[in-house]
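Listed below are the residues making up each chain.
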Amino acid sequence: MMESERIRIYPASREQMEKNIAAEADEDTRKAYEEMLEGCLTHPEQWEWYAMWIIEKTDGSHIGDLCFKGIKADCNPEIGYGILEEYRGQGFATEAVKLALQWVFRHPEVNAAEAETSPENSASERVLMKCGFRPTGEIGEEGPRYIVRKTTMNTKNYLIRLEKKEDYRAVENLVRESFWNVYRPGCSEHYVIHVLRDDPAFMKELDFVMEMDGELIGQNMFMKTIIEADDGRTIPVLTMGPIGITPELKRRGFGKALLDYSLEKAARMGFGAVLFEGNIGFYGKSGFDYASKFGIRYHDLPEDADSSFFLCKELNPGYLEGITGVYQTPQGYYVNDNDVEEFDKGFPPKKKQKLPGQIFG
C-alpha cells in the first residue's frame, strides 16, 4: 500500500477484481479487467505488476483505479489510470500516479516508466506532465507515448503528507541528524519536537513529513502563538519549526518545496501570518521578510539588538496592517538541557563538536 495525505493505492485481491469484473457495464473496461486478472493468475509471483490497483480516499471511498500492465525483461513498466467522473479535476489522478511511481522506482531493475494517452485527453496529458513524464515521439494504441526516468524522479518525485504516530521516532531521528552540531554542539531540536506534539498549541493539521521512495527525508510543523499588540489586542499567528531535511539531500530544493507546501496549507486554513527565527537568505525565497518591517518585535530582545534572525510572512496580505507589538514564543520551545541529554541517550551515539558559526555554546 502507498498512502498520501488524501488517498491510498493498493493492489486488489482476486475477490476484489472478480467483483469489479462482474459489476462493470462497459465491455472494453471489463475486458481490460479480465486481462489483468488473467495476468495475475498466470504470474502470481508478480501479482502487483498485473493487478488492478485500487485508488481510494483515506476515508475508504473508492475513487478510481490504476495498473502497471505487467512487467517484462528489457521493457519499461507502463502505467494506466482512471478516476471516477465525480472525483475528477481535484488532483487525485496526479497524486495517485506519483504514489504509483514511488512504488515502481523502489525496484532496482526499473529505470523508467511509460504511459500513453489519447491526444484528445488533455487532462490525462497534464497529469503525466505534472508527474515528470515527457513525450517519446512514438504513437501507441491509445495515442502518444510518454516516459519518465528514475533519475528525474530522484529529484522531483517526493510526497508530502501529515505525520503519523508511527513516524514519530523516525522523524525525531531525522531532525536530530539534520540539526546535529549546526547551532550548538549536539542539538535539542529532536527533543523539542517530541515535547511539542503534546503541547495545546501544536497544530497536528499542519504537522508534515516529506518522503521519497518510501523513506522520510524531511519534516515541518507549526504552533499557534500570539502577538501582544501595543493597543492591547491579542493577535493570533503561527510560528514554525523545527523544519529539517536529511543532511545528504540539503541544498537540492526539497526544503523550499516542503516549506512552500506547508505555508500554502496554513494559508488555506485561514491563518494570517507566520513568525519565525531563521535565515533570510533561505526563507526570503518563500516570501519571508524581517519582522521589524511589520512593526513586530521579538520578546525579551533589547531595542538596539540585532533582530535580523526574526522573520515574518503574511499568509493573508494586510493581516498585520496597523499592528505593532511583541511576538511571544510558545513556552513549549523552552526545554531543559538535562532533559535533552536524557532523551538523547535513546539514540545512537554521536560526537558533539564545537564548530565555527554555532550560535550557542
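Residues numbered from 1 in each chain as written. Predicted model: local features only at pLDDT ≥ 70, side-chain atom pairs only at ≥ 80, totals over all residues. Heavy atoms only, no water.

A.B. asks: So, the sheet that holds strand β19 (residues 325-328): which residues are in play, and what are the values?
C.D. replies: The sheet built from seven strands is open, its strands ordered β16-β18-β15-β13-β12-β19-β17 with mixed pairing. Where the open sheet ends on each side, the last strands, each with one partner, are β16 (289-290) and β17 (296-298). With two bridges joining them, strand β13 (residues 234-240) and strand β15 (residues 273-277) adopt parallel strand pairing. Across the sheet, the residue bridging to L238 is V274, located in β15. Most of the contacts of helix α9 (residues 254-268) go to β13, to which it runs at about 155°, and overall it touches β12 (222-229), β13, β15 and β18 (310-314). (Pairing = 2+ DSSP bridges. Helix = DSSP H or I, 4+ residues; strand = E, 2+ residues; numbered from the N terminus. Contact = heavy atoms within 4.5 Å. Axes fitted to C-alpha atoms, helices over the stretch in contact; angles between N-to-C directions.)

A.B. asks: Go over the packing of aromatic side chains, please, and point to the residues and values.
C.D. replies: Enumeration according to the criterion identifies 18 aromatic pairs in this entry. For the pair Y298 and F309, a centre-to-centre distance of 5.1 Å together with 80° between the ring planes defines the contact as edge-to-face. You can see Y298 sitting in strand β17 and its partner F309 sitting in the loop between β17 and β18, a full eleven residues away along the chain. For Y298, a relative accessible area of 14% puts it in the buried group. A centroid spacing of 5.1 Å and a plane angle of 40° characterise the contact between F310 and Y327, whose relative ring orientation is tilted. Here Y327 lies in strand β19 and F310 lies in strand β18, a separation of 17 residues in the sequence. Residues F310 and Y327 agree in their burial class; the two are buried. In this structure an aromatic cluster arises from ring pairing among W49, W53, F68 and W103. A cation over an aromatic ring shows up here: R169 above the ring of F347, its NZ or CZ 3.9 Å from the ring centre. The side chain of R197 reaches across the aromatic face of Y168, ending 3.9 Å from its centre. (Phe/Tyr/Trp six-rings, centres within 6.5 Å; stacked < 30°, edge-to-face > 60°. Buried < 20%, exposed > 50% of the residue type's maximum accessible area, 1.4 Å probe, protein only. Lys NZ or Arg CZ within 6 Å of the ring centre and 35° of its normal.)

A.B. asks: Tell me about the pairing of strand β7 (residues 134-139), and name the residues and values.
C.D. replies: By the criterion of burial, β7 is predominantly exposed, with just zero of the six residues buried. Bridge analysis of β7 against strand β8 (residues 144-149) gives three bridges, and the strand direction is antiparallel. The partner of P135 across the bridge, within β8, is Y146.

A.B. asks: Explain the pattern of salt bridges to me, and be specific about the residues and the numbers.
C.D. replies: Tallying each qualifying case throughout the model produces 24 salt bridges. For R161, the salt bridge identified is with E211, shortest N-O distance 3.2 Å. Taken as a pair, R161 in strand β9 (residues 159-162) and E211 in strand β10 (residues 208-212) lie far apart in primary sequence, 50 residues in all. The burial state of R161 is the same as that of E211; both residues are buried. (Salt bridge = Lys/Arg side-chain N within 4 Å of Asp/Glu carboxyl O.)

A.B. asks: Run through helix α5 (residues 122-130), naming residues and quoting values.
C.D. replies: Within α5 the residues assigned to the buried category are S124, V127 and L128. An end-on view of α5 places all buried positions within 95° of arc, on one side of the element. Contacts made by the buried residues of α5 are with β5 (80-83), α4 (92-104), β6 (112-116) and β8. Positioned one or two residues after α5, G132 has a phi angle of 95°, which is positive. (Arc of directions from axis to C-beta.)

A.B. asks: Tell me about unusual backbone geometry, and name the residues and values.
C.D. replies: With omega at 10°, the peptide bond leading from G241 into P242 counts as cis. Here the phi dihedral of N181 falls at roughly 65°; this positive angle occurs in a residue that is not glycine. With relative accessibility at 9%, the residue N181 sits in the buried group.

A.B. asks: With reference to specific residues and values, describe the sheet that holds β9.
C.D. replies: Strands in a sheet are paired, the pairing made by backbone hydrogen bonds, and the direction either parallel or antiparallel. In spatial order, the strands read β9-β10-β11-β14; together these four strands make up an open sheet with antiparallel pairing. Edge positions in the sheet fall to β9 and β14 (244-245), since each of these pairs with one other strand and no more. Note that β10 and strand β11 (residues 215-220) share five bridges and pair antiparallel. Across the sheet, V209 pairs through a bridge with Q219, a residue of β11. Relative to the sheet, helix α7 (residues 168-179) contacts β10, β11 and β14, its axis offset from that of β11 by approximately 75°. Across the sheet, α9 lies against β9, β10, β11 and β14, angled at about 140° from β10, the strand it touches most.

A.B. asks: Give me the environment of D198: which residues, what numbers.
C.D. replies: Following the sequence through the fold, D198 ends up in the loop between α8 (189-196) and β10. When the C-alpha positions of D198 and G332 are compared, they lie 9.1 Å apart, and in sequence the two are 134 residues distant.

Treat this as a map of the structure, not an account of what it does.
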